[in-house]
Each structure stands twice: as structure tokens, then as C-alpha cells.
Amino acid sequence: PTPDFHPENLETLLRKVMFSEQVAHPHIKYYLTNTATNTQLLADAAQLSRAFTNLLKNAAEAIESQMEHAQKDKIGAIELSITNADNALELTITDN
């Protein structure tokens, strides 16, 4: 589909995706830190949400695989961090 660009807030988009993934994977903790001064961007919210959902789903599946095979008592966590990088926003996603 053709992108439909509008002003969006990256933190708000991420929190919505995190909420749905937390419901799907309640045994995994999700954390978001935001040190960026402004998280507004021009984007297609639907396309970004799909991309973020896929990234978080992949991270959750990696954690679940570790829990099944080796570390059953492990508490899974996915951390998202928004920072400023030069004149851009930088999003880092880390899973354990």
C-alpha cells in the first residue's frame, strides 16, 4: 500500500504496540525509556505499527524459545529506548 504520512508520536505508537504484545505474551515484561526531547515524526502509523509489532513479536518468540529449551525460570524482558541521535530519533530494542 501507498504510505499515508501524518504527524505521529513515536512514543505513543510504541506504547500501543507494547500493550497488545504484553497481552499476547503476559510472561514477558516490556519497558520503554524515552530521553528524546521530541518524539514527533512524519510517518504512516499503520506501517510503523506493523513493523514494530513484528520486531516485538520476534523478540518475544526468541525469549520463549530460550525459556522452553534452557532457562525455564527465566523472566523475559524486552526494553525499548528512544533517544536523540544527531537530528534524528533512534529506537533501540533489546531482549534477553
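Draft legend 1. How the structure looks around the pattern of salt bridges. In total, this model carries one salt bridge according to the counting rule given. A salt bridge links E11 to R15, with the shortest nitrogen-to-oxygen separation between them at 3.0 Å. Taken together, the residues span about one helical turn, with E11 and R15 both in helix α1 (residues 10-24) at a distance of four residues. Residue classification places E11 among the partly exposed positions, given a relative accessible area of 21%. Judged by its relative accessible area of 44%, R15 is partly exposed.

Draft legend 2. Layout of the sheet that holds strand β2 (residues 28-34). Taken in spatial order, the three strands of this open sheet run β2-β4-β5, and their pairing is mixed. Strands with a single pairing partner mark the edges of an open sheet, and in this sheet they are β2 and β5 (88-95). For this sheet the average axis-to-axis angle between neighbouring strands, irrespective of direction, equals 15 degrees. Bridge count for β2 against strand β4 (residues 76-85) is seven bridges, and the pairing is parallel. Residue pairing across strands places L32 opposite L80, the latter belonging to β4. Along the sheet face, α1 touches β2, β4 and β5 and points at about 175 degrees away from the line of β2. The strands touched by helix α2 (residues 45-69) within the sheet are β2, β4 and β5, with β4 carrying the most contacts at an inclination of about 145 degrees.

Cut-off values and rules
- Residues numbered from 1 in each chain as written.
- Predicted model: local features only at pLDDT ≥ 70, side-chain atom pairs only at ≥ 80, totals over all residues.
- Heavy atoms only, no water.
- Salt bridge = Lys/Arg side-chain N within 4 Å of Asp/Glu carboxyl O.
- Helix = DSSP H or I, 4+ residues; strand = E, 2+ residues; numbered from the N terminus.
- Buried < 20%, exposed > 50% of the residue type's maximum accessible area, 1.4 Å probe, protein only.
- Pairing = 2+ DSSP bridges.
- Axes fitted to C-alpha atoms, helices over the stretch in contact; angles between N-to-C directions.
- Contact = heavy atoms within 4.5 Å.

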